[in-house]
Amino acid sequence: MNLKLITIFLCCFSFAPLMAQQTISGIITDETKQPLPGVNITVKGDIIGAVTDFDGKYSLQISSGQVLVFSFVGFKTQEIVFENQKSLSVVMHEDAAKLDEVVVIGYGTAKKSDLTGSIASVSSEQLTIRPVQSIGDALQGQATGVQVRTNSAAPGGSTSVVIRGQNSVNSSSSPLYVLDGIPLSNIDNISVEDIESIEVLKDASSTAIYGSRGANGVILITSKQGKVGKMKVSYATRFTAQSIGNDLNLMNAQEFTEFHTAWEIAGNADPSDVFYNGSSPSRPSPLTVGEGTDWFDQITTTGFIKNHQISISGGSETNRSSVSLNYLDHEGIVKGGSYDRFGIRLANQMDVTPWLSTAVNLFVTHENKNSSGENTGTSGSTGTINQAIKMSPALPVYNEDGTYTANNLPGSEGIENPLAIVNEIENETKNWDIIGNFNITIKPFKNFSFKTSLGGNYNNYKQGTYNPSTTITGGLINGRASIENRNTSHLVNENIFSYNTIFKEKHKLDIVAGATYEEEVYEDFSVSATDFFTDAFGYNNIDSAGEFGTPKSNKTKWQLLSYLGRVNYSLDRKYLLSASVRYDGSSRFGEGNKWGFFPAASGAWVVSSEDFMANARNTINTLKFRVGWGKTGNQNIGLYQSLAVFGLANYPLGDAIESGVAASRLANIDLRWETTESINVGLDTKLFNTVDLSVDYYEKTTTDLLLNVSLVETSGFANALLNTGELQNKGFEISADTKLVNNKNFKANIKTELFLNKNEIISLDGDATQQWKVGESLGAKIGYISDGIIQNQAELDAYSDSNGNPINGASIGDERAVDLNGDDVIDGYDQVVTFDPNPDFSYAIGLNFEYKRVALDLFFYGVQGNQIYNQTATYLRSTEIIRSNLSTDLIDNYWTPTNPDAKYPRLTAPTIYSQQRLNIEDGSFLRLQNIRLGYTLPALGPFNNASLYISAQNVFTITKYSGFDPDVNSTPGDGTFTNNGNDSFGVDRNAYPVPQSFTLGLQVNF
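What counts, and at which threshold
Sequence order sets the numbering: in each chain, residues are counted from 1 along the sequence as written. Given that the model is predicted, a residue must reach a pLDDT of at least 70 before its local features are reported, and side-chain atom pairs must reach 80 or more before they are shown or counted; all residues, however, enter totals for whole chains, interfaces and linings. Side-chain metrics rest on all non-hydrogen atoms present in the structure, leaving aside hydrogens and water. Only runs of H or I of at least four residues qualify as helices and only runs of E of at least two qualify as strands under DSSP, and these elements are numbered from the N terminus. We compute the radius of gyration over the C-alpha atoms and compare it with the globule rule, which gives 2.2 Å times the number of residues raised to the power 0.38. Throughout this description, buried means an accessible area under 20% of the type-specific maximum (1.4 Å probe, protein chains only), exposed means over 50%, and partly exposed covers the range between. Residue contacts are defined here by distance: any two heavy atoms, one from each residue, within 4.5 Å place the two residues in contact. Each patch is built from residues lacking any salt bridge and having more than 30% relative accessible area; the joining distance is 9 Å for like charges and 5 Å for nonpolar side chains (Val, Leu, Ile, Met, Phe, Trp, Tyr). To be clear on the numbers: accessible area is Shrake-Rupley with a 1.4 Å probe, and residue cover counts the displayed protein chains and nothing else. Salt bridge criterion: a side-chain nitrogen from Lys or Arg within 4 Å of a carboxyl oxygen from Asp or Glu. Remark: nonpolar core denotes a set of buried residues (Ala, Val, Leu, Ile, Met, Phe, Trp, Tyr, Cys) joined through side-chain atoms within 4.5 Å. Any two of the Phe, Tyr and Trp rings considered here, Trp counted by its six-membered ring, make a pair once their centres fall within 6.5 Å; the pair's planes then place it as stacked at under 30 degrees, edge-to-face at over 60, or tilted in between. Note on pairing: two strands pair once DSSP finds at least 2 bridges between them. Fitted lines through C-alpha atoms serve as axes, helices being fitted only where they are in contact, and the angles separating the N-to-C directions of these axes extend from 0 to 180 degrees. We treat Lys and Arg as the positive residues and Asp and Glu as the negative residues; His and chain ends play no part in the count. To locate a charge, take atom NZ for lysine, CZ for arginine, CG for aspartate or CD for glutamate. A 3.5 Å cut-off defines polar contacts: any pair of N or O atoms within that distance qualifies, except that in protein one atom must be a possible hydrogen donor and the other a possible acceptor, and neighbouring residues in sequence count only when both atoms are side-chain atoms. How far a helix is expected to stretch is found by multiplying one less than its residue total by 1.5 Å.

Q: Tell me what's going on with the overall build of the protein, and back it up with residues and numbers.
A: Of regular secondary structure, the protein possesses 12 helices and 50 strands. Relative to the compact-globule value of 30 Å for 1006 residues, the protein shows a C-alpha radius of gyration of 33 Å, a close match. In terms of principal-axis extent, the alpha carbons of the protein reach across some 115 × 85 × 70 Å. Taken over 1006 residues, the protein has a buried fraction of 50%. Restricting the contact set of the protein to residue pairs at least 6 apart, pairs at least 24 apart contribute 68%.

Q: Give a description of a nonpolar patch on the surface that names residues and reports values.
A: There is a patch of nonpolar side chains on the surface, built from F746, Y851, V854, L933, Y935, L937, L948, I950, L1000 and L1002 and spanning about 840 Å² of accessible area. Breaking the nonpolar patch down by element, the ones donating at least two residues are β47 (925–937), β48 (945–959) and β50 (995–1005). Within the secondary structure layout, F746 lies in strand β38 (residues 746–763).

Q: Help me get a handle on the nonpolar core, residues and values and all.
A: Nonpolar side chains tend to gather and get buried jointly when the protein is soluble and globular. I135, I198, I219 and I221 are the most contacted members of the largest nonpolar core, which has 26 residues in total. Elements represented by at least two residues in this core include exactly β10 (119–123), α3 (135–139), β11 (146–150), β12 (159–163), β13 (176–179), β14 (182–184), β15 (195–201) and β16 (218–223). With residues near it in sequence (within four places) discarded, I198 still touches A120, S121, V122, L127, I135, L139, I219, L220 and I221. Residues L248, I385, Y404 and L876 belong to the second largest nonpolar core, which totals 22 residues.

Q: Which residues make up unusual backbone geometry, and what values go with them?
A: Backbone geometry places K852, a non-glycine residue, at a positive phi of 55°. If you trace the backbone, K852 turns up in the loop between β43 (841–851) and β44 (854–864). Taking the relative accessible area as the measure of exposure, K852 reaches 55% and is therefore exposed. The phi dihedral of N990 is positive, around 55°, even though this residue is not glycine. Mapping N990 onto the fold places it in the loop between β49 (987–988) and β50.

Q: An account of the pattern of salt bridges is requested, with residue identities and associated values reported.
A: In the structure shown here, the tally under the stated rule is 23 salt bridges. The partner of K574 in a salt bridge is E610, with the nearest N and O atoms 3.4 Å apart. You can see K574 sitting in the loop between β27 (552–571) and β28 (575–586) and its partner E610 sitting in the loop between β29 (595–606) and β30 (620–634), a full 36 residues away along the chain. Within this structure, R164, K202 and E733 form a network of salt bridges that share partners.

Q: Explain the packing of aromatic side chains to me, and be specific about the residues and the numbers.
A: Under the defined criterion, the tally for this structure stands at 21 aromatic pairs. Seen in terms of ring centroids, Y107 and Y210 are 5.1 Å apart; in terms of plane orientation they differ by 25°. Their pairing is stacked. Taken as a pair, Y107 in the loop between β8 (102–105) and β9 (108–111) and Y210 in the loop between α4 (204–207) and β16 lie far apart in primary sequence, 103 residues in all. Judged by relative accessible area, which is 6%, Y210 ranks as buried. Measuring from centroid to centroid gives 5.5 Å for Y466 and F532, while their planes differ by 80°, and the two rings are edge-to-face.

Q: Break down the sheet that holds strand β3 (residues 49–51) for me, with residues and values.
A: If you trace the 4 strands from one edge of the open sheet to the other, you get β3-β2-β5-β6, paired in antiparallel fashion. Sheet topology places β3 and β6 (78–81) at the edges, where each strand pairs with a single neighbour. Each adjacent strand pair in this sheet contributes to an overall mean axis angle of 20°, direction not counted.

Q: Explain a negative patch on the surface residue by residue, including any values.
A: Among the surface-exposed residues, D247, E291, D294 and D297 lie close enough to one another that they form a single negatively charged patch. Looking at where D294 falls in the secondary structure, it is placed in the loop between α5 (253–266) and α6 (295–299).

Q: Any details on the environment of N866? Residues and values, ideally.
A: Along the chain, N866 falls in the loop between β44 and β45 (867–870). As a C-alpha pair, N866 and I305 span 561 residues in sequence and 32 Å in three-dimensional space. Excluding residues that lie within four positions of it along the chain, N866 makes contacts with D836, P837, N838, P839, E921, D922, G923 and S924. Here S924 takes part through its backbone nitrogen, which lies 3.5 Å from a polar atom of the side chain of N866.

Q: Pulling in residues and values, what's your account of α5?
A: With 14 residues, α5 should cover 20 Å at 1.5 Å per step; its first-to-last C-alpha distance of 20 Å lies within 8% of that length. Buried within α5 are the following residues: A253, F256, T257, F259, H260, T261, W263 and E264. Regarding α5, its N-cap is N252, as a side-chain oxygen of that residue lies 3.2 Å from the backbone nitrogen of Q254 further along. Downstream of α5 by one or two residues, N268 has phi in the positive range, about 70°.

Q: Describe the environment of Y569, and please don't skip the residues or the numbers.
A: Within the element layout of this structure, Y569 appears in strand β27. Under the relative-accessibility criterion, Y569 is labelled partly exposed at 25%. Distance in space between the C-alpha atoms of Y569 and I434 is 38 Å, their sequence separation being 135 residues. The contact partners of Y569, leaving out residues within four places of it in the chain, are H507, K508, L509, Y575, L576 and L577. One polar contact links Y569 to H507, side chain to side chain, over a distance of 2.5 Å.

This is the structure we're talking about:
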């Protein structure tokens, strides 16, 4: 009897929840009342769930008091408590706070859930979380596959951006920038605070619609626009203090003079006749010189940055406007370097009628830069930093008569005093930049629109320099002045037709077609002069000179005409297809090759919307597979490369020399596009409503590489530009965004990115193989392999040729270069690839913690497996020839019979064979790039909200690199055909020090 009662009790208890459950149903729609298929409905804390059908309908069993969670990609997640309703219909609202859910694509926009290509989105919040001066700096570590290198940390310095590896040898590898529809080559002077979002188009299926300029990726920049509502005013300001984060550990005067003396004696100099023998104040004895002059201390100071931004925006349903003003003032850590920038931005959107609207965007920027304290030229061989390194610490700053001292080291006589450069030399640039466009959109009937726009970019650049007579170089010629003016006018016209529709409730179609035209005219003029009777006017009174150089002028023009089209199709929001074409005609190429055709196709499958995934949606919330293919081009090869070029030449005519013209370059009517073909496979998923994960694999191959190939002497020309060779990049991109904690008072989030890229030269023709090696990466360099230092006579005897003579005249204590081919001679045939600046992988880690009104952000960035050629160290660590100050690492660390384990060869030993061992360094690093602590104040009076923060940048770096900073790129090139920097990155040539920075910032909204 008791057993029966227990059994009945257990059965009733087991079925009690089922008896308490009810069936609830409803329809899920968007804000336009369109049903949403594929919406996930789950019961919070339970495994019960459902998904809406094609009509947006759902049904499931639930108990009173349980919480229903409605989620769908691109829409805000909603939680609703079930209170015994028989039906519950929900309107889903697009998540405007998450800008990356709706992204900008080429000539249009799309929901992230509808994307089939590889596109990374960066919001305005991500861009401004760090106090940076340029968009390039802000992008570092924010988009997987995007490598940002610091060209110069000087005020107004630039960055190099490369997407998915170097893509060309002689053409530029920089991406195309598009700001509000205007193609640009440089965006360093655009204020980050003016940007609403950035989309990085990485694979060919996304970039092919930009055709001849899409091979290196495309960065779409959308500026902030006015929004409906009352006028809002915001003000942001920050103040930054900067200091040098690392030094080069140079010798002081006593250390240097002692070392120099030991070096001279090792070279058989008479001890009484050494340079530092106390014979004059400029040649003091090591016993009396003391610490001497710390030249780096003389030229460096605390740097300061002041930044102000005020923005006003708002408007009605039919007329919305946004205005902003920004000002940046940067005084560098190296004296003599400064930069200031003033900018104004205007934006207006007007709905004139229900079928006609207009929009205008305008950026005006003015820049002033004083760069007398920087290195000049891609070699970094002049300028303050270089001279401070080379200057003898045994010299004072001034002579007894108050004039500047000059370096007197044998072989470096006449090197300019670095303080003379800072205080006396003028090197100023002034730049006006105007970017704007005006567009009209017509909607003559439902689902159809036509947009025409006219815009462009005008740039006026002026540089003036003056070397006064108080400097060594200027004193020899009574001062030297130069002025250069450059004007660039870039015109863009776009005409785009768009059609989008949804039919039979599950078929979505978007069609874009159009034509674009661009032209750019560039002019420059320069003049120089010497022999001034006074230095008072600098370069501003150049007509007072006594002697003038030859004036120079130049004018160029290029044009690009394009036709484009794209079709996007979606079936049930599960099966996505996209196809695009672009037909470009460029004036840069030879007859018969001016036009290029660039197709692309991609598709995606939203697996999580399938019925068989219904039971897994609590775990795998979304899952989408993508695949794409496409061809893109690269037209950035310089102008007139397909044409024969004539230059000035002198001819003997009788007894006289006459001027004329002669051909200086052969024509190449077959010159054609570099073409990049790529494939991309990827997946996007969200797990446990917590982890957003994206993984991409890509391969892209560039054919018809443009290379200068040597010609036979009988041709009369040294070389010609030909299409030859093949280059490949392939790799992985992985990004994960995880919400660790997400409740009312505390939130914690971690975002990680990993990028792996393998760059390889597949084939080359002609003498190009002498500079680049098939099977190696672009940028790799050859050199000698060292087998250590020759320690004794036995080792020297073993390092001898068949006649018993030491190879290449080596001595005990010299570097032992490996004779790879065994011919008893060390020459170019014994060189192999010893330097590769390309990293194995790069990574970024972002941590965000929020507790009530307090927020803490940390950002780490690192690279692994790259090398840096520390060219600065070639003379700082030289034991062969001493023409500059030296590193303290040499002290007691060079080979002698009693110091056989030394790092460096004997004094006066040739260093050509030790360069690879000593000066090619591991460039891997992990850096805490930024730490930020902020507090949001409550609304008070006229302030809607305000936030105050402190932050530090370049906080610490874990690296083995001995230079100023491992994030160095002293030879970046300028993006032009002749100076693209594609194969010369990763070289440290007296790079400007990357400073440590500390910032205090305030943002107020009215």
